[in-house]
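Survey of secondary and tertiary structure
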Amino acid sequence: MSLMKRYLDDVSTLRLWAAEAAAWNRPADRHAALTSAVRACRELSETYHNPSSVVEMFVHEVAASFLAFRRDEDEVAA
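Residues numbered from 1 in each chain as written. Predicted model: local features only at pLDDT ≥ 70, side-chain atom pairs only at ≥ 80, totals over all residues. Heavy atoms only, no water.

The next point concerns the nonpolar core. Counting residues in each nonpolar core, the largest one holds 14 residues, and the members touching the most others are Y7, L14, F58 and V62. Ignoring sequence-local partners within four residues, the contact set of Y7 consists of Y48, V54, M57 and F58. (Core = buried A, V, L, I, M, F, W, Y, C linked by side-chain atoms within 4.5 Å. Buried < 20%, exposed > 50% of the residue type's maximum accessible area, 1.4 Å probe, protein only. Contact = heavy atoms within 4.5 Å.)

Quick look at the structure:
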C-alpha cells in the first residue's frame, strides 16, 4: 500500500472515531472516546517517517471532526 493511501485510510478511520466520540450523550463518555482517538493518533503515526509531524496532523483532524460533528448535532437539536 502506498504511503499516501495509508495516510488517507488512517485519517478516514480517525475521523470516524472522532465522530463516534462526539455522538456520546454524556460528557464523560465523549471524553473517554476522544482520549482513545487521540491515543490512536500517536500509535498510527509511529509507522511514518516523521511521526511528530504526522501525529500533529492526525490530532488536528480528530479535533476538527469532533467539533464539526458536535456543531451539526447542536444545529439539529435546536
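Taken as a whole and assessed by the stated rule, the structure comprises four salt bridges. Residues R26 and D29 are paired through a salt bridge, measuring 3.8 Å at the closest nitrogen-oxygen approach. For R42, the salt bridge goes to E46, with nearest N and O atoms at 3.9 Å. Grouping residues by exposure puts R42 and E46 together as exposed. (Salt bridge = Lys/Arg side-chain N within 4 Å of Asp/Glu carboxyl O.)

With that settled, the discussion passes to the packing of helix α1 (residues 3-23) against helix α2 (residues 27-45). Where α1 meets α2, the axes come as close as 8 Å, and the angle between the chain directions of the two elements is 165 degrees. Taken together, the axes of α1 and α2 are roughly antiparallel relative to one another. The way α1 lies across α2 gives a crossing that is left-handed. Touching D10, L14, W17, A21 and A22 of α1 are R30, A33, L34, A37, A40, C41 and L44, all from α2. Residues belonging to the contact of α1 with α2 are distributed by class as follows: 10 nonpolar, no polar and two charged. (Axes fitted to C-alpha atoms, helices over the stretch in contact; angles between N-to-C directions. Helix = DSSP H or I, 4+ residues; strand = E, 2+ residues; numbered from the N terminus. Parallel < 35°, antiparallel > 145°, perpendicular 65-115°, else oblique. Left-handed = near helix turned anticlockwise from the far one by under 90°. Nonpolar A, V, L, I, M, F, W, Y, C, P; charged D, E, K, R; others polar.)

All right, on to the packing of aromatic side chains then. In the structure shown here, the tally under the stated rule is three aromatic pairs. Taking 6.3 Å as the distance between ring centres and 85 degrees as the angle between the ring planes, the aromatic pair formed by Y7 and Y48 counts as edge-to-face. Taken together, the residues Y7 in helix α1 and Y48 in the loop between α2 and α3 (51-77) connect sequence positions 41 residues apart. Taking the relative accessible area as the measure of exposure, Y48 reaches 8% and is therefore buried. (Phe/Tyr/Trp six-rings, centres within 6.5 Å; stacked < 30°, edge-to-face > 60°.)

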